[in-house]
Amino acid sequence: MSNKEQEVLEKYISQHNLKITKQRRAVLEAFLNCEDHVSAEELYKIVSSKEPKIGLATVYRTLSLLTESGLAAELDFGDGQKRYELNYAHEHHDHMICTECGKIIEFHNEVIEKLQEEVAQKNGFKMTSHKLDLFGICKECQQ
């Protein structure tokens, strides 16, 4: 596990008079090792295989702390299940979501980024953040 992410979490936890527990460390480590956009339930399955005493509620609470501290980003792709991805020191990107299999493809496009900024500027709008989710059918599901 990267010391930087652990430092961020520990600083956030101490600032809010909470404790860094073995369970929180285990959830953080499992989360950092996930390459995909993971749900709380999926993360729970990963963590509980190594730490059987960890409950689903602990995973939810720890994901909430990770999100509040800026380490994780909470994503909602409209399927009724929140997903989480690493947010710390992570380049901005957008998502394409397959409505057939649920596959999530990350992408970054400078032209789209520039157009969004131009549209905001043209409308006198100060953009502080944005997210772009494209829904459709992936190449594999089209075959």
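Residues numbered from 1 in each chain as written. Predicted model: local features only at pLDDT ≥ 70, side-chain atom pairs only at ≥ 80, totals over all residues. Heavy atoms only, no water.

(A) Region of interest: the nonpolar core. Grouped together as the largest cluster of nonpolar side chains are 22 residues, with contacts concentrated most on L9, F31, L43, V47, V59, L63 and L66. If you list the elements that add at least two residues to this core, you get α1 (3-15), α2 (22-33), α3 (40-50) and α4 (56-68). The element contributing the most residues to this core is α2, with 6 residues. Excluding its chain neighbours within four sequence positions, the residues that come into contact with L9 are I20, L28, L65, L66, S69 and L71. (Core = buried A, V, L, I, M, F, W, Y, C linked by side-chain atoms within 4.5 Å. Buried < 20%, exposed > 50% of the residue type's maximum accessible area, 1.4 Å probe, protein only. Helix = DSSP H or I, 4+ residues; strand = E, 2+ residues; numbered from the N terminus. Contact = heavy atoms within 4.5 Å.)

(B) The arrangement of the sheet that holds strand β4 (residues 94-98) in detail. Overall, mixed pairing links the 3 strands, which are arranged β5-β4-β6 in an open sheet. In this open sheet, the two strands that pair with only one neighbour each are β5 (104-107) and β6 (133-136). For this sheet, the mean angle separating the axes of adjacent strands, direction not counted, is 20 degrees. Pairing geometry for β4 and β6, over 4 bridges, is parallel. Across the sheet, I97 pairs through a bridge with F135, a residue of β6. (Pairing = 2+ DSSP bridges. Axes fitted to C-alpha atoms, helices over the stretch in contact; angles between N-to-C directions.)

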